[in-house]
Structures are given as C-alpha cells and as structure tokens.
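A structural walkthrough
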Amino acid sequence: MPKQQRFSLPPTIDDLSAAPLVVKDALRGIRLKLRNLAPNIDETGLFVQNHLPLSPLAIATTLFNETRKITLLGEDIARDVLLRHRDEARLTAFAGSGFGRNVSPLPEHQRHDYVSSRYAALKILAGQFKADELLILEQPIDMAYLTLLGRFSDVSLASSSKNTINFDKIAISTIELEKSGAVNSPNSGTQAPRLGQLIFAALGLAETILALSTNHSVESTLAALNLAADVIVLRKPSIAAIFDGLDPEAQLSAEYRLLAPPLTEA
Amino acid sequence: MRLPMVAELNGESDLRHRIRDLRFFEESFRKNVQLTFPEGAMRSKTDQARLRSSFLAWLESFQANRHLATIDRKDFICFSAGSMLAELFRHDPLSISSETKSSDSATTVWPEGSAYVSYCLGVALTVLEQEFHLSAEIPEYANDPRIWQSFKENVQDNPDLAIPFLDMLLGQSPNWNEPATAEKRPAVKAKSTPVLST
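What about the overall build of chain B?
Helix and strand counts for chain B stand at 10 helices and 2 strands. Secondary structure of chain B in N-to-C order comes out as α-α-α-β-α-α-β-α-α-α-α-α. Here the C-alpha radius of gyration of chain B, 17 Å, is about what a compact globule of 198 residues would show, namely 16 Å. Across its three principal axes, chain B shows a C-alpha extent of roughly 65 × 35 × 30 Å. The burial tally for chain B puts 40% of its 198 residues in the buried class. Once local pairs closer than 6 in sequence are excluded, the contacts in chain B between residues at least 24 apart make up 73%.

Shown next, in the form of structure tokens:
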C-alpha cells in the first residue's frame, strides 16, 4: 500500500514560524479530500436511491447526506464570497514583495507578504486555468522564499541600479516556486507543458508586468494576472521548451524580457 | 484602396513605440476594422486569441531582427510592417460576413485581407511620416481586383509573401525569394556588403 503523503514539519528550529503554514496546508489537504468524498450521485445530480423500503439507518444516512449537501452548498457560497475578498486583499502585497526590484534591506514583513500574496495569486491563476480545485500549499512557497533569500545574497545576481528590473531574479524565483511543490497539479502523463508550469510561468509574467508598472493596485494586479494567464496559454510551445530546456532560468528570463514590456500598461 | 486609419494613427505621437503595446495594437486594429467596414451590411468578428497570437509572433520577429534597423531604418520599418501583415494572415483573426458588394475592389475580392493590409499599410505610412516626414503615394494598381486576387492566392500559399507585397505598395525593393529573412533584403544587402579594396 502506498504511503500517504505527510506534511513535513520545518527542519530547523529557525523555521518554526512556518509551523502555522504546515497546519493550514494540512487542513487544505483534508478539506480537498472531504470535498472529493462525494456521495453516490447519478448523472442528473440526484442521489441514487433504490426503490426498496428504507431501513431507519438508510433514512438517517440519506438525511445526513442531504443535510451535508445543503451545508456544503451554503459553505461554498459563503467561502466563495468571503475568500475571494480575502485573496484580493492579500494581492496588495504581490507587486512589492517579489525579488524583481533591488530593495535593501528587505522589510521585516517581506516573508509573510511574499508567501500570502503568492498563495492568493496562485489561487486566482488556478481559476483562470479552470482548475479551481487544485491544491495549493503555502509552506512550500515559504521554503522557496528562504532558498531564494539565500541564493540572492550572492552579489553577482544583483542589478546595477535599484530602479532596474531584475528579470533573472523573477525567472529564478518562478522556477524555484514551480519546483517547490506549492501546486499539486494532476499528473497529465507526457503532456507538456504541465498545468503547474503554465500557472507559475503566468505568475512570473504577472510579477514582471507589475515590476515594469507604477500602478500596483489590486485591480492592476488582477488585470496583470488575467493578461499573463491569457498570454501564457498562447505561448504554450515556448513554455514547454523552456521548462524542458537546458537552462530554464535564462530562457524564462528572456521570455519575460520579450513579453512583459508590450503587456505593461503605458 | 482605403486607408481609414492613417488620420487616427497620426494623432498618436511616437507610433513606432506605441505599436509595440499589445493593448494599443488590439484597440487600433479593431478601430481599423470598424472604419474599413462602416456599412451595416458587413458584419465583422475578431478572434482575440488569434489577434494576440499574431501580435506575439510579430513581436518575436521584431526583436530578432531589430538590430538591422541600424543598417537601414526606413527599410526596417517597411519590413516590420510586412512581418506584422504576414502574422495577421497566418493567424487570420478576422471573419467578415457581407451581403452587399463594396465599392472598393480590395474589399470586394478579399474583405479580411484588405483590412489587414489597410491596417499595416496605415501603420507603416504613419511611422515613415513621423520618422522621416515621408508621404508615400499608394500605386494605382492597389485598386486592381486582379492584383488582389493574385495576392490572395499567393498569401494563402505562403503568408510571408505579404512582406514583399507590402514593400511594393510602399515603394520599397521587394525580396520574393526569402521574404522573411531580413538580412536578404535588397536594401540591407546593399548597405552591409563590405567594399573590397583593390
């Protein structure tokens, strides 16, 4: 029997601040599993019932299932409204918390902003790619952030000016996040590019568009995410070649250099 | 042939940069379609994904060849407009249904094709005017339906032939053999061939 996936605890005591994320991700995984445990439903969406007289236990089960269905519907509506607002609020930090611009020293809340805004952006992008049910986890984003922080302390990756956009850093972040496992995209066999790769490529492109722009409002961030998703779909062959290529970071950086300026609002 | 967009495009300062903005490209392309087919009898539909694909493919070609602008800027403007036209033909974002015949021969023979040509020609003429104060005359044969019929057949066979066709309309020497290879254009070859000293 295959081992069940566990949500690993952070490896060091320094990373204990990531512990709440582990719990949140574990709950997300459980919630997704519960949502997938749908009772028997026929093609018309009705519960399958036999026509034999129901036992008290069967009646109780049916009643439980019907109640559960109504509760889930109510919960879905409430969640959709409330969480959409919360995700959009988290996006305010998206443009300012990336590695594309050289800000030194990094603000204290950078780590939190980076993780929560990228999580929110990934959820919005998953919706754009018609994959609302995709499991997205925050802890891998946090781990990727720490890895990137260490990597970007290398001065060779720094831009010459604070005002220039570092396309390389955005591309490196995108590849690191894609490898992190933050998006559990379904295994679609040999199909390339994978859904997760498209989503992360769009995330990086949106970050680049916003880095070139001065307008970082929630509306602009949403517009950048929407446009980036549309364009990345049209660039599928290039994205597949980039992720399967020899130097994906350099190639993705070149792709962002090509695409982002014409997509940035004047 | 009608170029309804020229006056509109001339209102844009620095069109050569503006045209590299996806939003501006989409908006001006749609406006050109509206102005080209004002009659109610012609209905047009633009496929946004195809229009964006043409823009992205053109952008790639533009970036790959832009170093040639230093050799002959005017020729590069014509080549870029031709490349845009080739990508519009390749992705074909426009579909037009008409119930009446237009007075314009190009529009009658090939409404979609004439819309693509009028847009790219309008962009090229405006940029040439803004950059070099040139006002090119469109040759008389641009109104000959036989030219349009031949052009349609050729471009359906090879969209890149749109590049030398646009060169002809702009009075630039065309390269029919390798139309998409910018280095092989007569103007580029003439200026980049090293002079051998004796």
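Re the overall build of chain A
From N to C terminus, chain A includes 9 helices and 2 strands. Element order for chain A, N to C, with α for helix and β for strand: α-α-α-β-α-α-β-α-α-α-α. Here chain A holds 266 residues, and 35% of them are scored as buried. Looking at chain A alone, contacts between residues at least 24 apart form 72% of all its contacts between residues at least 6 apart.

Notes on the interface of chain B and chain A
Contact with chain B, which involves 11 residues of that partner, is made by 9 residues of chain A. Secondary-structure elements contributing two or more residues to the side of chain B that touches chain A are helix H3 (22-36) and helix H4 (48-65) of chain B. Among the elements that line the side of chain B that touches chain A, the one with the most residues is H4 of chain B, at 7 residues. Looking at side-chain class alone, the side of chain B that touches chain A contains 4 nonpolar, 2 polar and 5 charged residues.

A look at the packing of H4 of chain B against helix H5 (residues 73-91) of chain B
Residues and elements named next belong to chain B. Running from N to C, H4 and H5 cross one another at 145 degrees; their axes reach a closest spacing of 8 Å. As H4 packs across H5, the resulting crossing turns out to be right-handed. The segment H4 lies against H5, with Arg50, Ser53, Ser54, Ala57, Trp58, Ser61 and Phe62 engaging Ser80, Ser83, Met84, Glu87, Leu88, Arg90 and His91. Class assignment for the residues of the contact of H4 with H5 results in 5 nonpolar, 6 polar and 3 charged.

Let's talk about unusual backbone geometry
Glycine aside, a negative phi is what most residues show, and trans is what most peptide bonds show. In this structure, Asp14 of chain B takes a positive phi of about 60 degrees despite not being glycine. Mapped onto the elements of the fold, Asp14 of chain B is located in the loop between helix H1 (6-10) and helix H2 (15-18).

Some points on the packing of H5 of chain B against helix H7 (residues 111-132) of chain B
Residue and element names in this part refer to chain B. It is at 9 Å that the axes of H5 and H7 come closest, and there the two elements cross at 160 degrees. It follows from the interaxial angle that H5 and H7 lie roughly antiparallel. Handedness of the H5/H7 crossing: right-handed. Contacts between H5 and H7 involve Lys74, Ile77, Cys78, Ala81, Met84, Leu85, Leu88 and Phe89 from the former and Tyr116, Val117, Cys120, Val123, Ala124, Val127, Leu128, Glu131 and Phe132 from the latter. Grouping the amino acids of the contact of H5 with H7 by side-chain chemistry returns 15 nonpolar, no polar and 2 charged.

So, helix H8 (residues 145-157) of chain B
All names here are of chain B. In this model H8 runs 19 Å from its N-terminal to its C-terminal C-alpha over 13 residues, within 8% of the 18 Å that 1.5 Å per residue would give. Those residues of H8 that fall on the buried side of the exposure criterion are Trp148, Phe151 and Val155. Taken around the axis of H8, the buried residues stretch over an arc of 60 degrees, which confines them to a single face. Exposed positions of H8 whose direction lies more than 90 degrees from the buried face are Arg146, Glu153 and Asp157.

As for the confidence of the model for chain A
Residue and element names in this part refer to chain A. The pLDDT averaged across chain A works out to 81; a share of 73% of its residues lies at or above 70. When mean pLDDT is taken per element in chain A, helix H9 (residues 248-263) scores highest with 97 and helix H2 (residues 56-90) scores lowest with 72. Across residues 41-50, confidence stays below pLDDT 50; counting only partners more than four residues off in sequence or on other chains, it has 9 contacts.

Remarks on the environment of Leu91 of chain A
All names here are of chain A. Tracing the chain through its elements places Leu91 in the loop between H2 and helix H3 (110-128). The class for Leu91 is buried, based on 23 C-beta atoms found within 10 Å. Sequence separation between Leu91 and Ser116 is 25 residues; the distance between their C-alpha atoms is 8.1 Å. Contact partners of Leu91, with chain neighbours within four places excluded, come to Ser117, Ala120, Ala121, Val218, Thr221 and Leu222.

Definitions and limits used
- Residues numbered from 1 in each chain as written.
- Chains lettered and ligands numbered in written order.
- Predicted model: local features only at pLDDT ≥ 70, side-chain atom pairs only at ≥ 80, totals over all residues.
- Helix = DSSP H or I, 4+ residues; strand = E, 2+ residues; numbered from the N terminus.
- Rg over C-alpha atoms; globule rule 2.2 N^0.38 Å.
- Buried ≥ 20, exposed ≤ 12 C-beta atoms within 10 Å, placed from the backbone.
- Contact = placed C-beta atoms within 7 Å.
- Nonpolar A, V, L, I, M, F, W, Y, C, P; charged D, E, K, R; others polar.
- Axes fitted to C-alpha atoms, helices over the stretch in contact; angles between N-to-C directions.
- Left-handed = near helix turned anticlockwise from the far one by under 90°.
- Parallel < 35°, antiparallel > 145°, perpendicular 65-115°, else oblique.
- Expected span 1.5 Å × (residues − 1).
- Arc of directions from axis to C-beta.
- pLDDT = per-residue confidence, 0-100.

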